[in-house]
Amino acid sequence: MFAVTGGDGRPYDMPAETALAGAVPVVAFAQTGATEQKTMPDHLAAKASLGGLIGPDADLLIPQGSVHVVIPTLTASRSWSLPDVDGYPYGQDLVIVDDGRTLGAGPTLAVIPLAGSGDAIAGYPSGITLADAGASVRLRRGLLSNVWVLV
């Protein structure tokens, strides 16, 4: 967030990509090893972010912008599908965690790639099952397409 002064002289917060849109030239550039050129606003729009949510006691398609998802008390074993990896920012971790330490008494949580996306979790073709109290998984978009990697 940037502090921006409004027309009345009072500061207010604004997302970086909005604040810089008029100040940063929309000139494409390429990073070393990149296969395509992007503008600075493109890079800002794909930035890492903060935020979290408490998941439901149900199967779930984890929303695309999620970065920290808490496992609630589960009444039955559940499956949570990861967001489409191609839409996830490079360098941003996705953490799924049993903050309340409610797992371990029976129900488990399977973390699986999004069906039909062609995504995979490197080294875990069937997904990752969380079963122990306090269990967590930290994933990041891999540099290869359609791959989540365990961090």
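The model shown is predicted, which means the values in this text are computed figures rather than measured ones.

With that out of the way, let us pick up the packing of aromatic side chains. Summed over all chains, the structure comprises one aromatic pair. Over the ring of Y90 we find R141; its NZ or CZ atom is 4.0 Å from the centre of that ring.

Glancing now at the pairing of strand β12 (residues 147-150). Where strand β9 (residues 120-121) lies against β12, two bridges are found, and the strand directions are parallel. For A120, the partnering residue across the bridge sits in β12 and is V147. Pairing analysis gives three bridges linking strand β11 (residues 136-141) to β12, with the strands arranged antiparallel. Looking at the pairing, L139 lines up with L150 of β12. Here β11 hands over to β12 after five residues, with N146 in that stretch at a positive phi of 65°.

With that out of the way, let us pick up unusual backbone geometry. Of note in the backbone geometry, R101 takes a positive phi value of approximately 55° without being a glycine. With respect to the helices, strands and loops of the structure, R101 is situated in the loop between β7 (93-97) and β8 (109-112).

Once that is clear, we can look at the nonpolar core. In this structure, L82, I96 and L130 are the most contacted members of the largest nonpolar core, which totals 22 residues. Among the elements of the structure, β7, β8, β10 (128-130) and β11 are those that each provide at least two residues to this core. If near-sequence neighbours (up to four positions away) are discounted, L82 is found in contact with L61, I62, L94, I96, V111, I112, P113, L114, I121, L139 and W148.

Looking at the element boundaries, L74 is found in the loop between β5 (68-70) and β6 (78-81). Distance in space between the C-alpha atoms of L74 and P56 is 8.4 Å, their sequence separation being 18 residues. If we ignore the near neighbours within four places in the chain, the residues touching L74 are P56, D57, L103, P107, T108 and L109.

This part is about the sheet that holds β7. Strand order in the open sheet formed by six strands is β3-β5-β7-β11-β12-β9, and the pairing between neighbours is mixed. The open sheet is flanked by β3 (53-54) and β9, the only strands paired with a single partner. The pairing of β3 with β5 spans two bridges and is parallel. By the bridge assignment, L53 is partnered in β5 with V69.

Rules of the game
- Residues numbered from 1 in each chain as written.
- Predicted model: local features only at pLDDT ≥ 70, side-chain atom pairs only at ≥ 80, totals over all residues.
- Heavy atoms only, no water.
- Phe/Tyr/Trp six-rings, centres within 6.5 Å; stacked < 30°, edge-to-face > 60°.
- Lys NZ or Arg CZ within 6 Å of the ring centre and 35° of its normal.
- Pairing = 2+ DSSP bridges.
- Helix = DSSP H or I, 4+ residues; strand = E, 2+ residues; numbered from the N terminus.
- Core = buried A, V, L, I, M, F, W, Y, C linked by side-chain atoms within 4.5 Å.
- Buried < 20%, exposed > 50% of the residue type's maximum accessible area, 1.4 Å probe, protein only.
- Contact = heavy atoms within 4.5 Å.

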